[in-house]
Amino acid sequence: MSVSTITDFLCSMIRTATPIALGTLACTFSERAGVINIGIEGIMIISAFTGAATSFITKNPWLGALAGMTVGVLMSALIVILSIYCNGDQVVVGIGLNLLGPGFSYLVMTKLWRNRGTSPWVPGLKGIEIPVIKDIPILGPILSGHNPFIYICIGIVVAMHYVLYHTSYGLRIRSVGENPNAVATVGLNVYKLRSSAVLIGGALAGLAGVSLSLGSVNVFTNGMTANKGFLAYAANRFGQWSPAGSYLASILFGSMEALRIRMQSSGIPPQFLQMLPYITTLLALTITGKKLRAPAADGVPYPHPISVAKPKKIKEKKNKKADKNAID
Amino acid sequence: MKKMKKLLAICMIMTLAFQLFACSSQKSAGSASASKTASSTASSTASSSSAKAGKIAVVFATGGLGDKTYNDSLYYGVKAICEKQNLQFDYSEPMDAAEYEPLLRGYAEKGDYDLIISLGYSQGSSVDKVAPNFPNQKFMLIDAEINQPNVACYSWRENELSYLIGVMCAKMTKSKVIGFIAAFDIFNCNMNAAGLTAGAHSVDPSIKVIVDYIGSWTDIAGCKEMALSMHEQGADIVYHAASTGGLGILEAGKEKGFYTVGYDGNVNADAPETNFASAIRLFPVAAEDAITKALDGTFKGGKVSLGAKEKAIKVDTEGSTVKVSQEIWDAVNKAEEDISNGTIKVPQTLAEANKK
Amino acid sequence: MSIKLKFKYSLYSLVLALVIGGFVISATGGNPLDTYMTVLVGSFGSVKAVMSVLAYATPLILTGLGCVVAFQGGVFNIGGEGQLCVGGLAAVIAGLYVQLPWPYGLIISLIAGFVAGAIWALIPTLMVGKNLASLFVGTVMMNSIGVSFSEYLVKYYFLKPQASTTETANVNAGAILPRFNPNTQLNYGIILAVILVFVVAWLLYKTPAGFSIRAIGVNPDASMQAGINVFNRTALTMIISGGICGLAGAVQCLGIYNRWIMGFSPGYGWDGITVATLAGINPFGVLLTGSFFGMLRSASISMNLSDKVPIDMITALQGLVVIFVASPTLWTTFRNLFGNLQAKIKPAGVTAVRGKGGKG
């Protein structure tokens with residue numbers, strides 16, 4: 001095995017892992033605040049489409065990326081409205097997004113390109129050459145020349161780690177995911193904190209979608225996400241709800257995928273190679289899985305007083321009732 | 001509570017009324033553009049409503065239109081024929097394999113279609129279920145073979161086409177390694193792999209052909225990764241039989257500057273500097289044959305196998321800027337001739353191809 | 001919230017979803033009323049249409065039921081797709097090799113389907129079942145493994161001679177799940193599904209095992225303290241849930257295709273999650289939501305044929321229905337908002353009276 005084989009393998013690994021990693025980070029952030037977002041899949045597909053369509057119309061892929069993220073935020077706003085403020089079931093709303101996303105995408109796609117299969121080529125984001133680093137012999141090809149999403153993704157991992165563990169906002173987000181009642185007693189607004197986390201998660205999920213359509217292949221296809229959203233959801237749990245862990249878990253998926261693509265001459269039936277990433281995860285999970293601990297209030301609703309039936313006229317009472325529901 | 005009910009009722013009535021208004025104003029614009037009858041959207045609506053000489057329905061494969069290969073080449077082929085012969089052309093893009101049967105049944109039940117074309121090997125079993133119930137309905141089935149008196153099955157000897165590509169690639173390659181990406185480990189895909197291997201080995205037995213399966217018809221990103229990895233392993237030409245996924249190969253070739261070969265549709269213009277040829281199965285030839293026979297009453301069920309002999313395959317380099325020398329063309333044409341007159345028998349399975 | 005109120009709110013939500021859907025249809029250049037008429041006629045216009053609705057509903061009811069069991073037991077089993085795939089294959093293999101007259105061959109096949117699905121659900125449970133968060137990830141992984149694994153088995157051991165795709169030969173006549181009418185896909189699987197709904201309901205609500213399953217779903221810690229072996233019960237939940245999903249695969253393979261064919265499931269396992277959650281994790285609710293999704297599914301076919309609206313409208317409509325029906329409290333919120341608004345307009349004294357009036 002030569003050095004270049006290893007470099008190629010590492011590059012391929014990171015390329016494959018990036019969309020999943022972005023989706024995973026989206027899950028991580030909103031689950032840290034106690035809101036399950038299982039609609040990542042749907043958000044990814046609609047953002048991938050919006051990104052491609054915007055890039056197709058404006059000829060500017062960066063605008064496409066922006067549009068994709070915006071749509072991601074809008075989609076997750078539905079979770080904010082329906083789950084956080086109206087106390088709807090988080091999981092069901094997420095599942096609804098998984099239907100809405102592809103539904104709307106293909107609907108508009110049929111209008112725009114007259115088919116529901118594949119879009120025309122769209123302008124995509126070019127790889128970024130980093131001036132000095134690209135000339136370093138071995139490190140150069142690993143670090144330089146990738147599509148921008150790879151760098152953005154790593155940046156987000158670092159930023160999210162900093163925000164979650166080293167800022168007061170991060171502390172609040174984590175507390176809201178562990179014990180919203182305590183946060184409320186201190187006088188902070190649980191709903192706003194949770195909403196902000198979900199919206200940021202939505203933007204990340206949007207970015208994940210855009211990285212699929214504009215980062216690598218510059219085209220949008222029906223079923224492009226291929227359950228990557230669910231994989232991201234799993235990777236988040238596997239990564240222990242931490243940004244670095246999530247990224248590493250996604251990298252594990254990426255490396256297995258890159259490995260399977262490189263094992264064709266081994267004589268193993270292709271079906272077994274296709275199982276490889278999943279079997280590895282399962283085995284890894286058997287070893288590490290016992291320690292997984294979700295944020296205590298992960299997926300636990302904290303009903304907004306406005307959504308509680310028949311409120312009494314005194315405000316304090318409403319809050320108490322909300323607290324009681326949250327404890328239950 | 002009662003008040004709430006009333007209020008809600010009023011709200012709903014108002015919204016419905018508004019909606020009605022909204023639709024009626026849009027109706028004129030909407031109905032024309034929403035129509036999925038291809039001939040009417042292509043030509044003016046006025047002519048489409050007037051008398052048509054016949055009606056054709058197509059049920060596409062699940063990858064959907066826009067793939068620039070499989071579905072698209074049949075779509076444009078049938079569309080051109082229908083425009084030429086003044087036929088109405090209806091089609092549907094199924095969301096998944098479970099929809100084939102009801103769609104085929106739906107068209108058959110309408111009873112006024114002269115021919116129902118069903119595309120894709122995975123539709124074979126569905127046609128097999130539907131056709132016996134509608135003995136008077138004519139079906140054309142592409143890429144699968146079943147035994148029904150009212151179904152004409154058209155399939156290609158794809159190995160012959162890939163043999164020609166194999167000859168061409170063997171002459172073009174410098175690294176002596178050719179990559180082939182198949183969608184699934186199935187007979188049709190392996191037939192291509194066998195043809196490619198045999199063709200390449202006929203020129204130079206030392207050439208190595210890497211075959212791999214991506215596991216999807218639509219995974220463009222995966223195909224791109226796979227093409228890149230094949231390039232890393234030394235392949236300087238990558239060829240595919242992965243429908244939409246093949247677009248990823250073009251992208252990989254453009255990015256790293258290695259040669260690619262498209263399949264089923266001419267994609268040379270999408271990557272003119274790296275995609276030097278496209279292997280094309282001439283769907284329009286088959287479709288025209290079936291449609292003409294269906295209209296003039298000479299249609300009969302059975303199996304039709306197409307290949308070099310029937311002039312139903314084509315290696316197309318139009319649109320590419322890569323120079324293909326006359327010597328290569330001579331070799332390809334010679335191989336095509338030898339296949340048609342039976343001098344060369346192209347193996348159908350990888351095992352046979354590798355034995356030689 | 002009482003069931004009656006919930007039901008009423010669900011109806012409101014349905015109407016709201018349809019109205020919003022109508023606007024979307026208008027915006028994309030269609031006629032909403034026309035579309036809804038197509039859906040209704042396509043679903044209830046004829047006996048055949050109704051039969052086709054039920055045919056689509058059959059696998060959805062079964063996978064939905066499988067998910068209901070798991071969700072009631074607090075396990076987020078989203079491995080339905082893999083269990084379905086493996087279950088279907090096991091049923092077909094039994095149908096190929098067991099030479100028994102109808103209905104004994106069929107019964108053996110169905111049992112094989114159930115067992116295979118159960119085993120497929122049990123594998124991740126045994127590996128990582130002690131921790132529910134990991135078990136969730138495990139079931140996701142088993143989906144892809146199940147699909148590839150059955151493809152491998154068929155490809156290398158059970159491939160039909162001369163097959164152009166990855167499929168097995170047709171099963172013996174004794175193992176076929178007959179159709180009511182050769183012209184529709186509806187088969188006796190629907191009866192099986194309905195019976196299973198009652199069996200599951202009985203199991204969950206009338207037996208001690210069912211009680212302990214539900215207890216764990218509500219509060220695992222308390223159950224553990226009460227002396228229930230949580231891991232055993234989780235395993236039981238997964239066996240039942242996986243088995244039912246496996247049965248769904250068996251029904252599809254034996255009833256519709258008479259064989260295992262690659263890609264026979266367009267995601268019934270995933271749809272089951274939606275069906276179950278929309279039904280409020282109630283076994284009887286699954287009958288309703290399963291049929292509703294079957295109806296939309298059937299409508300999408302008739303739309304595809306009638307050329308009126310892009311079929312993806314149906315998927316979008318499903319999404320709208322799901323998110324609104326999932327939030328019955330939406331209406332409480334509206335009411336409260338409305339109340340607040342009124343309170344702002346009217347003098348404070350009147351508000352109290354109004355608030356009371358709203359209650360009645």
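Sequence positions are assigned chain by chain, starting from 1 and proceeding in written order. Throughout, the order in which chains and ligands are written sets their labels, letters from A for the former and numbers from 1 for the latter. This being a predicted model, a pLDDT of at least 70 is required before a residue's local features are given, and a value of 80 or more before pairs of side-chain atoms are given or counted; all residues contribute to the totals for chains, interfaces and linings. Side-chain metrics rest on all non-hydrogen atoms present in the structure, leaving aside hydrogens and water.

This paragraph deals with the overall build of chain A. Counting from the N terminus, the helices are the DSSP runs of H or I reaching at least four residues and the strands are the DSSP runs of E reaching at least two. Each helix and strand in chain A was counted, giving 13 helices and 0 strands. Reading chain A from its N terminus to its C terminus gives the helix and strand order α-α-α-α-α-α-α-α-α-α-α-α-α. What the globule rule says is 2.2 Å times the number of residues to the power 0.38, and the radius of gyration is computed from C-alpha atoms. Taken over the C-alpha trace, chain A has a radius of gyration of 21 Å; the compact-globule value for 328 residues is 20 Å, and the two agree within 12%. Seen through its principal axes, chain A has C-alpha atoms that stretch 70 × 50 × 45 Å. Within chain A, residue pairs in contact and separated by at least 24 positions form 75% of the contacts whose partners lie at least 6 positions apart. In short, Shrake-Rupley with a 1.4 Å probe defines the accessible areas, and a residue's cover is counted only from the protein chains shown. Carbon together with sulfur atoms contributes 68% to the accessible area of chain A, which is approximately 12,400 Å² in total. Separation between the mean location of the 28 positive side-chain charges and that of the 12 negative ones in chain A comes to 8 Å. Any pair of residues with heavy atoms lying within 4.5 Å of one another is described as a contacting pair. Positive charges are assigned to Lys and Arg, negative charges to Asp and Glu, while His and the chain termini are left out of the count. Charge positions are represented by NZ for Lys, CZ for Arg, CG for Asp and CD for Glu.

What follows covers the packing of helix α10 (residues 228-238) of chain A against helix α11 (residues 243-261) of chain A. Residues and elements named next belong to chain A. Where α10 meets α11, the closest approach of the two axes is 8 Å, and the angle between their N-to-C directions is 125°. Comparing the axis directions of α10 and α11 gives the class oblique. In the crossing of α10 with α11, the sense of the turn from one axis to the other is right-handed. Every residue of α11 that contacts α10 at Leu231, Ala235, Asn236 and Phe238 is listed here: Ser246, Ala249, Ser250, Leu252 and Phe253. When grouped by side-chain class, the residues that make up the contact of α10 with α11 number 6 nonpolar, 3 polar and no charged. Inter-axis angles, ranging from 0 to 180 degrees, are taken between N-to-C directions of lines fitted to C-alpha atoms, where helices are fitted over the stretch in contact. Roughly parallel covers angles under 35 degrees, roughly antiparallel covers those over 145, roughly perpendicular covers 65 to 115, and oblique covers all other angles. Left-handed describes a crossing whose near helix is turned anticlockwise from the far helix by less than a right angle; the clockwise case is right-handed. Residues are sorted three ways: Asp, Glu, Lys and Arg are charged, Ala, Val, Leu, Ile, Met, Phe, Trp, Tyr, Cys and Pro are nonpolar, and all the rest, Gly among them, are polar.

Turning our attention to the interface of chain A and chain C. Listed per partner, the contact involves 56 residues of chain A and 52 residues of chain C. When two parts are put together, the accessible area they lose, computed with a 1.4 Å probe and summed over both, is reported as buried area. Together chain A and chain C conceal approximately 4,600 Å² of surface at their shared face, both sides included; 77% is due to carbon and sulfur atoms. A pairing counts as a salt bridge when a side-chain nitrogen of Lys or Arg comes within 4 Å of a carboxyl oxygen of Asp or Glu. The tally of links from chain A across to chain C stands at 1 salt bridge. Residue C:Asp312 pairs with A:Arg116 through a salt bridge whose shortest N-O separation is 2.8 Å.

With that settled, the discussion passes to the sheet that holds strand β11 (residues 302-306) of chain B. Residue and element names in this part refer to chain B. Here, any two strands with at least 2 DSSP bridges between them count as paired. The 6 strands are arranged β2-β1-β3-β4-β5-β11 in an open sheet whose pairing can be described as parallel. If you trace the sheet from one side to the other, it starts and ends with β2 (87-92) and β11, each paired once. Averaged over all adjacent pairs, the angle separating strand axes in this sheet is 20°, with direction ignored. Where strand β5 (residues 151-156) and β11 come together, 5 bridges link them in parallel fashion.

Residues and elements named next belong to chain B. Domain limits in this description derive from either an automatic procedure or a database domain assignment. When cut into domains, chain B gives domain 1 (53-156 + 284-306) and domain 2 (158-280 + 325-355). Summarising the inter-unit geometry, the C-alpha centres of domain 1 and domain 2 are found 28 Å apart. Facing 9 residues of domain 1, the contacting portion of domain 2 comprises 15 residues. Contact between domain 1 and domain 2 buries roughly 1,000 Å² in total, counting both sides, with carbon and sulfur atoms accounting for 54%. Linking domain 1 with domain 2 are 0 salt bridges. Identification of polar contacts relies on pairs of N or O atoms within 3.5 Å, with a donor-acceptor requirement for protein atoms, meaning one able to donate a hydrogen and the other able to accept it, and with residues adjacent in sequence counted only if both atoms are side-chain atoms. The interface formed by domain 1 and domain 2 holds 3 residue pairs in polar contact (both at pLDDT 80 or more) in total.

Take the pattern of salt bridges next. Close approach of charged atoms lets side chains of opposite charge pair. Residue and element names in this part refer to chain B. Across all of its chains, the model carries 27 salt bridges over all chains by this definition. Here Lys84 makes a salt bridge to Glu288, at a shortest N to O gap of 3.1 Å. Of this pair, Lys84 sits in helix α4 (residues 70-85) while Glu288 is found in helix α11 (residues 283-296), placing the two residues 204 residues apart along the sequence. Three exposure classes are used, based on accessible area relative to the maximum for each residue type with a 1.4 Å probe and protein chains only: buried under 20%, partly exposed in between, and exposed over 50%. Lys84 sits in the exposed class, given a relative accessible area of 62%. A salt bridge links Lys254 to Glu251; the nearest nitrogen and oxygen atoms lie 3.7 Å apart. Of this pair, Lys254 and Glu251 both sit in helix α10 (residues 246-256), separated by 3 residues, roughly a single helical turn. The exposure class of Lys254 is partly exposed, given its relative accessible area of 40%. Taking relative accessible area as the criterion, Glu251 reaches 9% and is therefore assigned buried. Because the salt bridges share partners, they merge into one network encompassing Asp143, Glu158, Asp264 and Arg281.

Here the focus is the confidence of the model for chain A. Residues and elements named next belong to chain A. A residue's pLDDT is the predictor's confidence in that residue, given on a scale from 0 to 100. Confidence in the prediction of chain A, expressed as mean pLDDT, is 85, and 93% of residues score 70 or more. When the criterion is pLDDT under 50, residues 311-318 qualifies, and its contacts beyond four places in sequence or with other chains add up to 6 contacts. Scored below 50 in pLDDT, residues 320-324 makes 5 contacts in the model with residues more than four places away or belonging to other chains.

So, about the sheet that holds strand β12 (residues 313-316) of chain B. Within a sheet, neighbouring strands are paired by backbone hydrogen bonds and run either parallel or antiparallel to one another. Residue and element names in this part refer to chain B. The 6 strands lie next to each other as β7-β6-β8-β9-β10-β12, forming an open sheet whose pairing is mixed. Each having just a single partner strand, β7 (208-213) and β12 make up the two edges of the open sheet. For this sheet the average axis-to-axis angle between neighbouring strands, irrespective of direction, equals 20°. The sheet contact formed by strand β9 (residues 259-263) and strand β10 (residues 275-281) spans 4 bridges and is parallel. Looking at β10, one finds that Val261 is bridged to Ala277.

Our next topic: the packing of helix α4 (residues 80-97) of chain C against helix α5 (residues 104-128) of chain C. Residue and element names in this part refer to chain C. In the contact formed by α4 and α5, the axes pass within 7 Å of each other and the chain directions differ by 145°. Considering only the axes of α4 and α5, their crossing is right-handed. Of α5, the residues touching α4 (which contributes Gly82, Gln83, Val86, Gly87, Ala90, Ala91, Ala94 and Gly95) are Ser109, Ala112, Gly113, Ala116, Gly117, Trp120 and Ala121. Among the residues making up the contact of α4 with α5, the classes are represented as 8 nonpolar, 7 polar and no charged.

In this text, buried Ala, Val, Leu, Ile, Met, Phe, Trp, Tyr and Cys residues form a nonpolar core when linked through side-chain atoms within 4.5 Å. One finds B:Leu74, B:Val78, B:Ile117 and B:Phe276 to be the most contacted residues of the largest nonpolar core, which totals 301 residues. Ranked by the residues each element gives to this core, the list is headed by helix α3 (residues 47-72) of chain C, at 13 residues. Counting only domains with at least three residues in this core, you end up with domain 1 (53-156 + 284-306) and domain 2 (158-280 + 325-355) of chain B. Excluding residues within four positions of it along the chain, B:Ile117 makes contact with B:Ile56, B:Ala57, B:Val58, B:Val59, B:Leu74, B:Val78, B:Met140, B:Ile142 and B:Ile291. In this structure, C:Met295, C:Leu296, C:Met303 and C:Ile314 belong to the second largest nonpolar core, which totals 8 residues.

This brings us to the environment of A:Asn222. With respect to the helices and strands, the residue A:Asn222 is situated in the loop between α9 (190-216) and α10. Classification of A:Asn222 by relative accessible area gives buried; the value is 17%. Sequence-distant contacts of A:Asn222, that is, excluding residues within four places in its chain, are made with A:Tyr106, A:Arg116, A:Gly117 and B:Thr218. Here A:Tyr106 takes part through its side chain, which lies 2.9 Å from a polar atom of the side chain of A:Asn222.

Right, let's get into the confidence of the model for chain B. Residue and element names in this part refer to chain B. Counting all residues, the mean pLDDT for chain B is 82, and 85% of those residues have values of 70 or more. Predicted confidence for residues 14-49 stays below pLDDT 50, and this span has 46 contacts to residues more than four positions away or in other chains. Among the prediction metrics, the complex's ipTM stands at 0.83, with pTM recorded as 0.86.

All names here are of chain B. Taking burial as the measure, the 5 residues of strand β8 (residues 237-241) include 5 buried ones, the bulk of the element. Neither face of β8 is left uncovered, since the one carrying Ile237, Tyr239 and Ala241 and the one carrying Val238 and His240 both have all their residues buried. Bridging between strand β6 (residues 177-182) and β8 involves 5 bridges; their strand directions are parallel. Within β8, the residue paired with Ile178 across the bridge is Ile237. When the strands point away from the viewer and the path from the first strand over the helix to the second turns clockwise, the crossover is right-handed. On the question of chirality, the crossover connecting β8 to the parallel β9 by way of α10 is right-handed.

In this section: the packing of aromatic side chains. Only rings of Phe, Tyr and Trp enter the pairing, Trp through its six-membered ring, and a pair is recorded when the two centres are within 6.5 Å. The plane angle decides the type: under 30 degrees is stacked, over 60 is edge-to-face, the rest tilted. Under the counting rule described, the total for this entry stands at 36 aromatic pairs over all chains. Ring geometry for B:Tyr75 versus B:Phe89: centroids 5.8 Å apart, planes at 40°, classification tilted. Of this pair, B:Tyr75 sits in helix α4 while B:Phe89 sits in strand β2; the two residues are 14 residues apart in sequence, bridging distant segments of the chain. This pair shows no difference in class: B:Tyr75 is buried, exactly as B:Phe89 is. Ring geometry for C:Tyr97 and C:Phe158: centres 6.0 Å apart, planes at 65°, overall edge-to-face. One end of the pair, C:Tyr97, is in helix α4; the other, C:Phe158, is in helix α6 (residues 132-158), and 61 residues separate them in sequence. For C:Phe158, a relative accessible area of 17% corresponds to the buried category. Each member of the aromatic cluster is reached from another via a ring pair, and the members are A:Phe49, A:Phe56, A:Tyr106, A:Trp113 and A:Phe220.

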